[in-house]
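Overview (structure and organization)
One-letter residues, chain by chain:
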Amino acid sequence: MKEKMINFLLNNANPSIKLRVKKEILNNLTTGEEKEFQQEILNEKIMKLIVKKQLPNGWIGLGFHGSNKNAGQYDNQEVATKYMGEKGLFGTEILERAMNAFVTTELTALCYGTKGHYYSEFEIPACGQNTIRCACIARAHYDDTIDIAPQINIALESFRRVTEVDSIYDVSRPTKKGRLFNSGERWPCRYHLETLAFSVNKWKNKENTSMLAESFRHLLRNDRPEIINTPVACWVGHAVGPLWYLNEGYSISGDGQNHQSQDGIRRVNFEKTEWLVRCGLYPYLPQLKEEVDYILSQVGSDGICRAQTYEGEFRGWSPYFGLQLETDWRSKLRKSCDFTFRALLIAHYAGL
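Here is a short report on the structure shown in this document. (Residues numbered from 1 in each chain as written. Predicted model: local features only at pLDDT ≥ 70, side-chain atom pairs only at ≥ 80, totals over all residues. Heavy atoms only, no water.)

**Considerations on empty space enclosed by the protein**
Stated precisely, the cut-off is as follows: Grid points spaced at 1 Å and placed over the protein atoms alone form the basis of the search, with a cavity being a set where a 1.4 Å probe fits but cannot get out and a pocket an open set showing protein on both sides within 12 Å along at least five of seven lines. Lining residues have an atom within 4 Å of a point. Grid points are joined across faces, edges and corners, and a volume is the space filled by probe spheres set on the points. Strands are runs of DSSP state E lasting at least two residues, helices are runs of H or I lasting at least four, and both sets are numbered from the N terminus onward.
Scanning the entire structure with this criterion turns up four cavities of 30 Å³ or more. When its volume is computed, the second largest cavity comes out at roughly 80 Å³. The wall of the second largest cavity is formed by Val268, Asn269, Phe270, Glu271, Thr309, Tyr310, Glu313, Phe314, Phe321, Gly322 and Leu323. Listed by contribution, the elements that provide at least two residues to the lining of the second largest cavity are helix H12 (270-278) and helix H14 (311-315).

Following this line, the structure appears as structure tokens:
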């Protein structure tokens, strides 16, 4: 099955997918091939926009955490660096310069969009611009050259905290308008999971993997409706929403907000599944194994994956979702290449 998927992608897919299949799956990408593929990718419309928006210091656009009135969907540092990492542009001048901007730009710089404030990831759970920054570095595969070890440790501590308490109620307190995380606490968010998923060589061992699996066993529980998806805010001088924190009632197959499909269609969440198998959790979570097995059951004899997904999240690149590598889905073939590539990555990182 994997061979048929690989052949389908190498014959039909976008240069970025071909590059990653040869580099990640087959491990037979030559330096010459990589440069040729990367040049093709840099000539794509979105990449030309990103190149045009790069500032002299390497920062992309006039935004950080997604778009704003001065920054569009791709011309902001977070989305642009994650997109380029996914497109296979490691080592190119534009991504090197963007990563250097992460090194040379102070966390209190106005480009971070916090009006000069540094919100410490060591004091505020599931919050802080450095939490986002380090997830970007990991996603772009620059954690070997830029030190994000302290934030990897915070991510592990945050998931470990889930295993030490009864529920999210134990790390937060009630207020007149809801609940607030306690200062100095730990609790996992999407960015912690993203950091771990793309930096596995830095933390992965039997002890940490077992802990992470136990943490997700707690988060995947749905037998206590009183705590499922409990809204909890962070205090940064005022209440703000955390960075899409993970909560009891977490759903592997649900959309980004963990909700199940309401129209009866069996959909999958390729991103959640891929990140969890990257973390080595396939053997430990029955819900994950079921999801992986279902995704691969949707691969036909032609090697094409036809699983249904949440298209808005797959296509809509933003701080909180985005997987599309094909330039457009005007043809069903391109859409099939994107879905099949994600299914192939899932099979590969699940060790199947």
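Now that the structure is up, let's keep going.
**Focus: the packing of aromatic side chains**
How we decide: For Phe, Tyr and Trp, rings pair up if their centres lie within 6.5 Å, where Trp contributes its six-membered ring, and each pair is then called stacked (planes under 30 degrees apart), edge-to-face (over 60) or tilted (otherwise). Here's how the labels work: a residue is buried when its accessible area is under 20% of the maximum for its type, exposed when over 50%, partly exposed in between, all with a 1.4 Å probe on protein chains only. We count a charge as sitting over a ring when the NZ of a lysine or the CZ of an arginine lies within 6 Å of the ring centre and within 35 degrees of the ring normal.
Per the stated rule, a full pass over the model turns up 19 aromatic pairs. The interplanar angle of 45° and the centroid separation of 5.9 Å between the aromatic rings of Trp59 and Phe64 together place this pair among those described as tilted. When its relative accessible area of 1% is taken as the criterion, Trp59 is described as buried. Stacked on the ring of Tyr169, the Lys or Arg Arg179 has its end atom at 4.1 Å from the ring centre. A cation sits over an aromatic face here: Lys272 above Tyr250, 4.6 Å from the ring centre.

**Here's the deal with the pairing of strand S1 (residues 172-175)**
Cut-off, in case you're wondering: By this definition, two strands are paired if DSSP reports at least two bridges between them.
The pairing of S1 with strand S2 (residues 178-181) spans four bridges and is classified as antiparallel. Within S2, the residue paired with Ser172 across the bridge is Phe181. Connecting S1 to the next strand, S2, in antiparallel fashion are two residues.

**What to know about the environment of Val162**
As a reminder of what qualifies: The contact criterion used throughout is that any non-hydrogen atoms of two residues lie within 4.5 Å.
Note that Val162 resides in helix H8 (residues 149-164). In this structure, the C-alpha to C-alpha distance between Val162 and Arg315, residues 153 residues apart in sequence, is 31 Å. When residues no more than four places from it in sequence are discounted, the contact partners of Val162 are Trp187, Pro188, Ser215, His218 and Leu219.

**Some details on the nonpolar core**
The criterion, for reference: In this text, buried Ala, Val, Leu, Ile, Met, Phe, Trp, Tyr and Cys residues form a nonpolar core when linked through side-chain atoms within 4.5 Å.
By size, the foremost hydrophobic cluster in this structure holds 110 residues, and its most contacted members are Phe216 and Phe270. Looking at this core, the element that brings in the most residues is helix H15 (residues 332-349), giving eight residues. If sequence neighbours within four positions are ignored, Phe216 has contacts with Phe159, Leu193, Leu246, Tyr250, Leu276, Leu281 and Leu285.

**So, the pattern of salt bridges**
Quick reminder of the rule: What counts as a salt bridge is simple: a side-chain nitrogen of Lys or Arg found within 4 Å of a carboxyl oxygen of Asp or Glu.
Counted under the stated rule, the structure contains 29 salt bridges. A salt bridge links Arg161 to Glu185; its shortest N-O distance comes to 2.9 Å. Separated by 24 residues along the polypeptide, Arg161 in helix H8 and Glu185 in the loop between S2 and helix H9 (190-197) bring together distant segments of the chain. A residue is classified by how much of its surface remains accessible, and Arg161, at 22% relative accessible area, is partly exposed. With a closest N to O distance of 2.3 Å, Glu311 and Lys335 form a salt bridge. Separated by 24 residues along the polypeptide, Glu311 in helix H14 and Lys335 in helix H15 bring together distant segments of the chain. The exposure class of Glu311 is partly exposed, given its relative accessible area of 30%. Classification of Lys335 by relative accessible area gives partly exposed; the value is 26%.

**Quick look at helix H13 (residues 286-297)**
Heads up, the rule is: Take the number of residues in a helix, subtract one, and multiply by 1.5 Å to get its expected span. To be clear, the arc concerns the directions from the helix axis to the C-beta atoms.
The end-to-end C-alpha separation of H13 is 16 Å, in line with the 16 Å expected for twelve residues at 1.5 Å each. Within H13, burial applies to Leu288, Glu291, Val292, Ile295 and Leu296. Seen from one end, H13 has its buried residues packed into an arc of 130°, which puts them on one side. Projecting away from the buried face of H13 at angles above 90 degrees are the exposed residues Pro286 and Glu290. At its buried positions, H13 is contacted by strand S5 (267-268), H12 and H15.

**Quick word on the layout of surface pockets**
It is a probe the size of a water molecule, rolled over the atoms, that shows where empty space is left. This is how it is decided: Residues are grouped as follows: Ala, Val, Leu, Ile, Met, Phe, Trp, Tyr, Cys and Pro are nonpolar; Asp, Glu, Lys and Arg are charged; every other residue, Gly included, is polar.
In this structure, the largest pocket occupies an estimated 530 Å³ of space. Forming the boundary of the largest pocket are 20 residues, of which His141, Phe198, Asn201, Arg278 and Tyr349 lie nearest the centre. Of all elements in the fold, only helix H2 (15-25), helix H10 (200-203) and H15 reach the threshold of two or more residues within the lining of the largest pocket. By residue number, the principal contributor to the lining of the largest pocket is H2, which donates four residues. Broken down by class, the residue content of the lining of the largest pocket amounts to seven nonpolar, six polar and seven charged.

**Focus: helix H6 (residues 93-104)**
Quick reminder: α-helices carry 3.6 residues per turn. Residues three or four places apart thus point the same way. If you check H6, its first and last C-alpha atoms are 16 Å apart, about what twelve residues at 1.5 Å a residue would give, namely 16 Å. Buried residues of H6: Ile94, Leu95, Ala98, Met99, Ala101 and Phe102, and no others. What you see down the axis of H6 is that its buried residues fit within an arc of 145°, all on one side. Along H6, exposed side chains directed more than 90 degrees from the buried face belong to Glu93 and Thr104. The elements touched by buried residues of H6 are helix H3 (31-42), helix H4 (45-53), helix H5 (77-87) and helix H7 (129-139).

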